[in-house]
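Notes for the structure review
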Amino acid sequence: RIIECKAVKTLSISKLSRFLVIDKDGKVTGFNMNYISNHLDESYIINQEIKKEFVLYINSPESPYIADKLKHQLPESLPFTYRNQVTEEEITGTIQITVIAVDK
């Protein structure tokens, strides 16, 4: 699992652009695995048998509203393409997207 936590009063898709591939019309078209690869062992990315999941925790008094809004804007899974910087090998796959509201 790839986990990101946000303690925010508002959160839009554009604020997640480091993780998401967003086209010019604002539509989410993929997951930015190259950004995440700086924080992961490459074997996680290239092993096709490992189920990949991006979990976004939202922690604020407004978290149920924010999470519900994001769940309606994001698909349950997204395609990704990863390019190894050394070998130029390209890996494709899908990653499950989970948004969880935490109100503490």
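Just so we're clear, the structure is a prediction, and the values are computed from it rather than from any experiment.

**Notes on the side chain of T98**
Relative to the helices and strands, T98 resides in strand β6 (residues 90–102). What makes T98 buried here is its relative accessible area of 18%. A distance of 2.7 Å separates polar atoms of two side chains, one belonging to T98 and the other to E53. Contacts of T98, omitting those with residues within four sequence positions, involve E53, F54, V55 and L56.

**Observations regarding the packing of aromatic side chains**
Scanning the model with the defined rule gives three aromatic pairs in all. Between F19 and Y35, the aromatic rings sit 5.5 Å apart at their centres with planes inclined by 90 degrees, giving edge-to-face as the arrangement. Of the two residues, F19 sits in the loop between β1 (2–6) and β2 (20–22) while Y35 sits in helix α1 (residues 33–36), which places them 16 residues apart along the sequence. On the basis of relative accessible area, Y35 is assigned to the partly exposed category, the value being 23%.

**Considerations on the confidence of the model for the protein**
Interpretation of the predicted coordinates at a detailed level should be avoided for regions scoring low in pLDDT. Per-residue confidence for the protein gives a mean pLDDT of 89; residues scoring 70 or more make up 99%. The element-level mean pLDDT for the protein is lowest in β1, coming to 78, with strand β3 (residues 28–31) highest at 95.

**So, the pattern of salt bridges**
Counting across every chain of the model gives two salt bridges. Between R83 and E88 there is a salt bridge whose closest N-O contact spans 3.6 Å. With a relative accessible area of 33%, R83 lands in the partly exposed category. On the basis of relative accessibility, which here comes to 45%, the residue E88 falls in the partly exposed class. Across the pair E90 and R83 runs a salt bridge, and its minimum N-O distance is 2.7 Å. Residue classification places E90 among the partly exposed residues on the basis of a relative accessible area of 44%. Salt bridges sharing common partners tie together R83, E88 and E90.

What counts and what doesn't
- Residues numbered from 1 in each chain as written.
- Predicted model: local features only at pLDDT ≥ 70, side-chain atom pairs only at ≥ 80, totals over all residues.
- Heavy atoms only, no water.
- Helix = DSSP H or I, 4+ residues; strand = E, 2+ residues; numbered from the N terminus.
- Buried < 20%, exposed > 50% of the residue type's maximum accessible area, 1.4 Å probe, protein only.
- Polar contact = N/O pair within 3.5 Å; in protein donor to acceptor, adjacent residues only side chain to side chain.
- Contact = heavy atoms within 4.5 Å.
- Phe/Tyr/Trp six-rings, centres within 6.5 Å; stacked < 30°, edge-to-face > 60°.
- pLDDT = per-residue confidence, 0-100.
- Salt bridge = Lys/Arg side-chain N within 4 Å of Asp/Glu carboxyl O.

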